[in-house]
Amino acid sequence: MNPQSKWNKRTIAVHGGVRRSQYGEMAEAIYLTQGFAYPDAETAEARFIKSGADEFIYARYGNPTTAAFEDRIAAIEGTEDAFATASGMAAVSGALTALLKSGDRVVASRALFGSCLYVLEEVLGRYGVTVEFVDGRDLAQWQAALATPAQVVFLESVSNPTLEVIDLPKVCALAHKAGALVVVDNAFATPTFSQAVQHGADIVVYSATKHIDGQGRCLGGVICGTREVIRGRIEPYMKHTGGAMSPFNAWVLLNGLTTLDLRVKAQAATAQTLAEKLEGHPAIASVLFPGLPSHPQHETALATMSGPGTVLAFDLKGGKEAAFVFMNALQVVLISNNLGDARSIATHPATTTHQRLPADQKVLLGITPGLIRLSVGLEDAEDLLNDLIASLNATLSQG
Ligand SMILES: *Cc1c(COP(=O)(O)O)cnc(C)c1O
């Protein structure tokens with residue numbers, strides 16, 4: 001038996017997937033190579049017929065550093081296998097297009113990351129796939145949509161930017177009855193807090209750009225699932241269409257995984273403190289954070305995740321004007337659109353990440369003019385709180 005199968009997440013995060021060369025290097029080697037030389041022509045022929053574990057052909061298909069990242073994240077996530085991709089969107093679009101064909105039907109929750117929405121709304125339809133959107137919080141809508149057979153259910157377990165939490169066990173049960181595979185975009189839930197696979201998800205995709213890197217350095221993504229799905233359906237599609245992760249990025253992200261659990265738990269603890277302290281501030285209409293008892297799916301979050309996540313959102317009473325005054329007054333928190341970074345980041349979704357959406361869609365998704373998304377980093381909680389309160393107060397003195 002593989003000893004790694006007995007390890008807990010923190011041990012896997014440090015040692016999982018390591019392939020030491022004959023030199024016994026401590027830090028993982030970066031195999032910055034596009035391809036691999038074969039000892040003889042027979043080996044080359046055999047490898048193209050069927051390559052075994054740790055027999056590589058071409059970095060678009062696989063690479064030792066990328067494979068180490070794949071093994072480590074799969075072991076953390078609790079899936080048999082994983083395929084690393086160039087970005088989170090390469091993972092989302094790759095998983096969907098690899099699994100679907102003309103005539104197929106997808107049921108998806110409506111509250112999605114802008115680019116995921118683009119793939120579902122603008123791309124899949126061109127190839128004859130029908131997509132039906134539901135309000136992910138409403139089980140009756142899932143039930144009605146999944147009364148008709150479907151091939152794929154797609155959802156964000158915790159949605160961007162309004163942090164809606166989906167009742168994963170119930171939705172997965174409905175999806176499986178309808179014959180669908182459940183693809184979960186788990187970026188906000190994080191590998192640390194997610195229990196998506198235990199709750200029935202068939203495929204879990206991550207933007208590794210977010211918490212897995214956690215330091216805002218590189219793009220990456222990963223598709224996690226059973227060996228049959230990953231090697232039988234995902235790998236053939238990905239290796240021929242080109243969305244492979246670079247070995248250098250795999251090395252950065254492999255090291256990101258080493259500290260992921262520590263970082264995410266520290267960030268989530270600060271996020272919990274900030275959410276509690278901000279709730280009730282006179283400039284704020286509401287604070288959205290799965291860890292707050294006031295969150296509409298607080299119970300679902302407790303039942304489906306082992307932590308609340310590192311992102312919170314709040315709606316400013318003063319609308320867009322207050323939102324801009326708030327952001328421009330920040331001194332510790334940066335204005336940007338990444339999340340999961342060690343640096344805290346404030347985003348105004350209505351004018352940036354979700355700007356493309358028509359006004360009625362924004363209303364439907366709760367992306368109000370006063371909504372701020374706050375990705376909580378690793379700074380001192382008190383410094384962050386002081387920065388946020390001072391900037392919130394600045395919006396009051398303006399009014
Ligand atoms: C960022 C993000 C993506 C896309 O990831 P990239 O690495 O930027 O391509 C997909 N889904 C969610 C929920 C995200 O937050």
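Rules and cut-offs
Residues numbered from 1 in each chain as written. Predicted model: local features only at pLDDT ≥ 70, side-chain atom pairs only at ≥ 80, totals over all residues. Heavy atoms only, no water. Near = heavy atom within 4 Å. Polar contact = N/O pair within 3.5 Å; in protein donor to acceptor, adjacent residues only side chain to side chain. Areas by Shrake-Rupley, 256 points an atom, 1.4 Å probe, with all protein chains shown as cover. Nonpolar A, V, L, I, M, F, W, Y, C, P; charged D, E, K, R; others polar. Buried < 20%, exposed > 50% of the residue type's maximum accessible area, 1.4 Å probe, protein only. Helix = DSSP H or I, 4+ residues; strand = E, 2+ residues; numbered from the N terminus. Contact = heavy atoms within 4.5 Å. Domains from an automatic or database assignment. Buried area = accessible area lost by both parts, 1.4 Å probe. Salt bridge = Lys/Arg side-chain N within 4 Å of Asp/Glu carboxyl O.

Undergrad: It is not clear to me how the site of the ligand should be interpreted in this structure. Could you clarify?
TA: The full set close to the ligand counts 13 residues, and Gly-88, Asp-185, Ser-207, Thr-209 and Lys-210 are the nearest of them. At a separation of 2.8 Å, an oxygen atom of the ligand approaches a polar backbone atom of Gly-88. At 2.8 Å, a side-chain N or O of Ser-207 approaches an oxygen atom of the ligand. Considering the ligand on its own, with 380 Å² of exposed area, one finds that the protein chains cover 91% of that surface. In terms of residue class, the shell around the ligand is built from five nonpolar, five polar and three charged.

Undergrad: Explanation requested: helix 5 (residues 114-123) in the structure shown.
TA: Helical geometry note: an α-helix holds 3.6 residues per turn, so side chains three or four residues apart project in the same direction. All of the buried residues in helix 5 are Gly-114, Cys-116, Leu-117, Val-119, Leu-120 and Val-123. Buried residues belonging to helix 5 abut helix 4 (88-99), strand 2 (105-109), strand 3 (130-134), strand 4 (152-156) and strand 5 (181-185).

Undergrad: What should I look at first to understand the domain arrangement of the protein chain in this one?
TA: For interface size, the figure often reported is the accessible area lost on association. Splitting the protein chain by domain gives domain 1 (3-256) and domain 2 (261-398). Centre-to-centre separation of domain 1 and domain 2, based on C-alpha positions: 27 Å. Across the contact, 37 residues belong to domain 1 and 40 residues belong to domain 2. Buried surface at the junction of domain 1 and domain 2, both sides included, amounts to about 3200 Å², of which 60% is carbon and sulfur. It is Pro-161, Phe-193 and His-211 that lose the most area in domain 1 upon contact with domain 2, and together they represent 22% of the buried surface on that side.

Undergrad: How should the pattern of salt bridges be read in this particular structure?
TA: When their charged atoms lie close together, side chains carrying opposite charge are able to pair. Here the structure, examined in full by the defined rule, presents 17 salt bridges. Arg-19 is the salt-bridge partner of Asp-71, the closest N and O atoms lying 3.0 Å from each other. Taken as a pair, Asp-71 in helix 3 (residues 64-77) and Arg-19 in the loop between helix 1 (9-15) and helix 2 (41-49) lie far apart in primary sequence, 52 residues in all. Note on Asp-71: relative accessible area 30%, which makes it partly exposed. Here Glu-235 and Arg-231 are joined by a salt bridge, their closest N and O atoms 2.6 Å apart. With a gap of four residues between them, Glu-235 and Arg-231 both fall in helix 9 (residues 227-241), about one helical turn apart. Judged by its relative accessible area of 27%, Arg-231 is partly exposed.

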